Protein chains: 2
Amino acid sequence: MDTQGLKAVAPLIAAIEASASIAQLGEALAHATREMGFDSYALTHHVDMRRMRWQAIRLHDYPLDWADYYDRHGFGVRDPIHRASHLTTVGFAWPRLGELLPLSEEDEIFLERARSEGIGTGFTVPAHIPGEAHGSVSFVNAVGKPLPHAALPLAQLVGTYAFEQARRLWRLREPPHRAGNDNAARTVPRLTPRERECLVLVARGKSNWEIGRILGISDQTAALHVRNACRRYHVHKRSFLAIRALFDGSLSFIEILRP
Amino acid sequence: MDTQGLKAVAPLIAAIEASASIAQLGEALAHATREMGFDSYALTHHVDMRRMRWQAIRLHDYPLDWADYYDRHGFGVRDPIHRASHLTTVGFAWPRLGELLPLSEEDEIFLERARSEGIGTGFTVPAHIPGEAHGSVSFVNAVGKPLPHAALPLAQLVGTYAFEQARRLWRLREPPHRAGNDNAARTVPRLTPRERECLVLVARGKSNWEIGRILGISDQTAALHVRNACRRYHVHKRSFLAIRALFDGSLSFIEILRP
DNA sequence: CTGACCATACCGCTTTTGCGGTATGGTCAG
DNA sequence: CTGACCATACCGCAAAAGCGGTATGGTCAG
């Protein structure tokens, strides 16, 4: 087939992947943004920047006033655009926001405030990595300027590659970790089937007695399975056990939250 | 700019988004797969299919023998391709697998086994949604047939849109939930700053006494904050509290795992 | 300035956890 | 068939968690 059709995207992505510094990535992303027919971009982790200067990814060319207001009110975790991006793997156009989320009054006020700062409409590409803060890349147009609909798949690609490059560059800023500790964190322990069943129930907040009831075993046997699971994960508390198992993917939310 | 360049992708994506049944999606995806120069595809949740028939997404045209072997051994959660896809937002070509992950001996055996079943090389697009099972879409070629490098960005797009469409179609299969329960689950409680700090420490498996020490308050005050956080989330156990906060995004792994 | 909300601290009580053991029967690979 | 591993069950004990109170001082919006 005509894979040449993608020629137009290739140089944009190449520039993003070639960027060797955060500043260069910003330039490449800004260039791609204009090329696609947008006014500005924001590549960011969805965190409260007041608490999370350390490590959190953020790169944008939004109005500084707006960014300031945004951070002071901790919108990183409340922004309805961000919340909506947690519900989809593909990017979404902002006019369809309501289809993804019920918008609260607070959300409406927030969006109105954004418009008054010149943030009109946009397209947001989610970027999630298990165990990392949620993130997204938004491409935005001024009030009154419509979305470049033909370019949205392109924005999807550019956004995804840009976020990945941002992760690479941010990782370079980090101090290298102690290998020992790191290895301990990276090894995924193997649980026995029974231990895994108990683990799921622990994650649901069940007591050993309840687990025993559910699995049809003694509460002390259940406790032993939980203990063994803890031992394999080198943790001493069931709350942390559940977190660790979720983190390394041996447990998923659908198992926990759908009884 | 020449957004016409994306013309080649548009019909493939349109077909995927227009598919009204899982079977139709399979056809559209198979067609796109061939068009891009691949032999087969696999769109799947990374779960143990032995335990997770219910709800888990899976759609593929791999050899049935292989799929059978795969499921019987519970590779959904161990497959190194899947594990690697948890470390990136953009797709990766399988020859670069080693750059993402250290491969264990078990992994090598697994990959060798795959090759013996005709699974040569491929390109895998991750698809993660906070709170859902991890997933991915792989495009695969037979042993000896090289990857169509020019088509990889295209595969990135097709994979992402296909996974999203699969989510939509699978959602239709689900029985509609009770509105009441659902609302309770969807409301994100607002915690006070102190409660949030305690919550993070709970997720790290700290005891109330330790939390008190860390925050410089009494252990009983820490306990009270934890209790209040539990109250807001309508949960009775701290292990579940941490999970729920992670699930709704008020907590992220980087906060928990980076002290 | 008043009421709402928060952070702080303490008490007492019951239940649950976490940790140390031991022991029996089953399965499965070497 | 033997040893490794698992699931099962039990005991005991110290620590922690969960739940019910009450109380004081601070902040901030209406």
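Check the entry above for the structure.
Residues numbered from 1 in each chain as written. Chains lettered and ligands numbered in written order. Predicted model: local features only at pLDDT ≥ 70, side-chain atom pairs only at ≥ 80, totals over all residues. Heavy atoms only, no water.

Enquirer: In this structure, what is going on with the overall build of chain A? I would like to understand it.
Expert: Within chain A, the secondary structure is distributed over 13 helices and five strands. Out of the 259 residues belonging to chain A, those deemed buried represent 56%. Across chain A, every contact between residues at least 6 apart in sequence was considered, and the portion connecting residues at least 24 apart equals 61%. Total accessible area on chain A is roughly 11,600 Å²; 55% of this is exposed by carbon and sulfur atoms. (Helix = DSSP H or I, 4+ residues; strand = E, 2+ residues; numbered from the N terminus. Buried < 20%, exposed > 50% of the residue type's maximum accessible area, 1.4 Å probe, protein only. Contact = heavy atoms within 4.5 Å. Areas by Shrake-Rupley, 256 points an atom, 1.4 Å probe, with all protein chains shown as cover.)

Enquirer: I tried to follow the environment of Val202 of chain A on my own but got confused; where do I start?
Expert: The topology assignment puts Val202 of chain A in helix H9 (residues 193–203). A relative accessible area of 0% places Val202 of chain A in the buried class. When the C-alpha atoms of Val202 of chain A and Ile129 of chain A are compared, they prove to be 24 Å apart, with 73 residues separating the residues in sequence. Contact partners of Val202 of chain A, with chain neighbours within four places excluded, come to Ile211, Val226 and Arg238 of chain A together with Ser239 of chain B.

Enquirer: Can you help me understand the pairing of strand S1 (residues 40–45) of chain A in this one?
Expert: Residues in a regular strand point their side chains to alternate faces of the sheet. All names here are of chain A. Within S1, six of the six residues are buried, which leaves the element mostly enclosed by the surrounding structure. In S1, alternate side chains face the same way, and those of Ser40, Ala42 and Thr44 on one face and Tyr41, Leu43 and His45 on the other are all buried. Note: S1 against strand S5 (residues 135–141), six bridges, orientation antiparallel. By the bridge assignment, Tyr41 is partnered in S5 with Phe139. (Pairing = 2+ DSSP bridges.)

Enquirer: Would you take a moment to explain the protein's contact with DNA strand C for this structure?
Expert: Taken together, 18 residues form the shell around DNA strand C, and within it Arg227 and Arg238 of chain A together with Thr192, Arg194 and Ser218 of chain B come nearest. Contact between DNA strand C and Arg194 of chain B: a phosphate oxygen at 2.7 Å from a side-chain N or O atom of the residue. Between DNA strand C and Thr221 of chain B, the relevant distance is 3.4 Å, taken from a phosphate oxygen to a side-chain nitrogen or oxygen of the residue. Where the surface near DNA strand C is concerned, the elements lending two or more residues are helix H9 (193–203) and helix H11 (219–233) of chain B. Among the elements that take part in the surface near DNA strand C, H11 of chain B stands out by supplying five residues, more than any other. For the surface near DNA strand C, the per-class residue count stands at three nonpolar, eight polar and seven charged. (Near = heavy atom within 4 Å. Polar contact = N/O pair within 3.5 Å; in protein donor to acceptor, adjacent residues only side chain to side chain. Nonpolar A, V, L, I, M, F, W, Y, C, P; charged D, E, K, R; others polar.)

Enquirer: For this particular structure, what's the right way to read the sheet that holds strand S4 (residues 121–127) of chain A?
Expert: Through backbone hydrogen bonds, the strands of a sheet pair up, either in parallel or in antiparallel fashion. Residues and elements named next belong to chain A. Read from one edge of the open sheet, five strands run S2-S1-S5-S4-S3, paired in antiparallel fashion. Of all the strands in the sheet, just strand S2 (58–60) and strand S3 (92–93) have a single pairing partner and so form its edges. Lying on the sheet, helix H2 (residues 22–36) is in contact with S1, S2 and S5; it crosses S1 at an angle near 135 degrees. (Axes fitted to C-alpha atoms, helices over the stretch in contact; angles between N-to-C directions.)

Enquirer: Could you clarify how one ought to interpret the nonpolar core in this entry?
Expert: Residues Leu43, Phe139 and Val158 of chain A together with Leu43, Phe139 and Val158 of chain B are the most contacted members of the largest nonpolar core, which totals 70 residues. The next biggest cluster of nonpolar side chains, apart from the first, holds 50 residues, and it includes Leu251 of chain A together with Leu191, Phe240 and Ala242 of chain B. (Core = buried A, V, L, I, M, F, W, Y, C linked by side-chain atoms within 4.5 Å.)

Enquirer: How should I be thinking about the protein's contact with DNA strand D in this particular structure?
Expert: By nearness alone, 18 residues border DNA strand D, and Thr192, Arg194 and Ser218 of chain A together with Asn208 and Arg227 of chain B come closest of all. At the protein interface, 69% of the atoms of DNA strand D within 4 Å belong to sugar or phosphate. Between His236 of chain B and DNA strand D, the recorded distance is 3.2 Å, taken from a side-chain N or O atom to a phosphate oxygen. Secondary structure elements with two or more residues in the surface near DNA strand D: H9 and helix H11 (219–233) of chain A. Sort the elements by how many residues they give to the surface near DNA strand D and H11 of chain A lands first, with five residues. Here the surface near DNA strand D is composed, by residue class, of three nonpolar, eight polar and seven charged.

Enquirer: Can you walk me through the pattern of salt bridges in this structure?
Expert: Pairing between side chains of opposite charge can happen when the charged atoms of each approach one another. Residues and elements named next belong to chain B. On inspection of all chains with the given rule, the structure shows 18 salt bridges over all chains. Here Arg194 makes a salt bridge to Glu197, at a shortest N to O gap of 2.9 Å. Placement of the pair is Arg194 and Glu197 together in helix H9, with a separation of three residues, close to one helical turn. For Glu197, a relative accessible area of 32% gives the class partly exposed. (Salt bridge = Lys/Arg side-chain N within 4 Å of Asp/Glu carboxyl O.)

Enquirer: Just to check I follow, could you spell out the environment of Ile109 of chain A for this structure?
Expert: Tracing the backbone shows Ile109 of chain A in helix H6 (residues 105–116). Exposure remark for Ile109 of chain A: the relative accessible area of 55% places this residue in the exposed category.

Coordinates in, geometry out; function isn't part of it.
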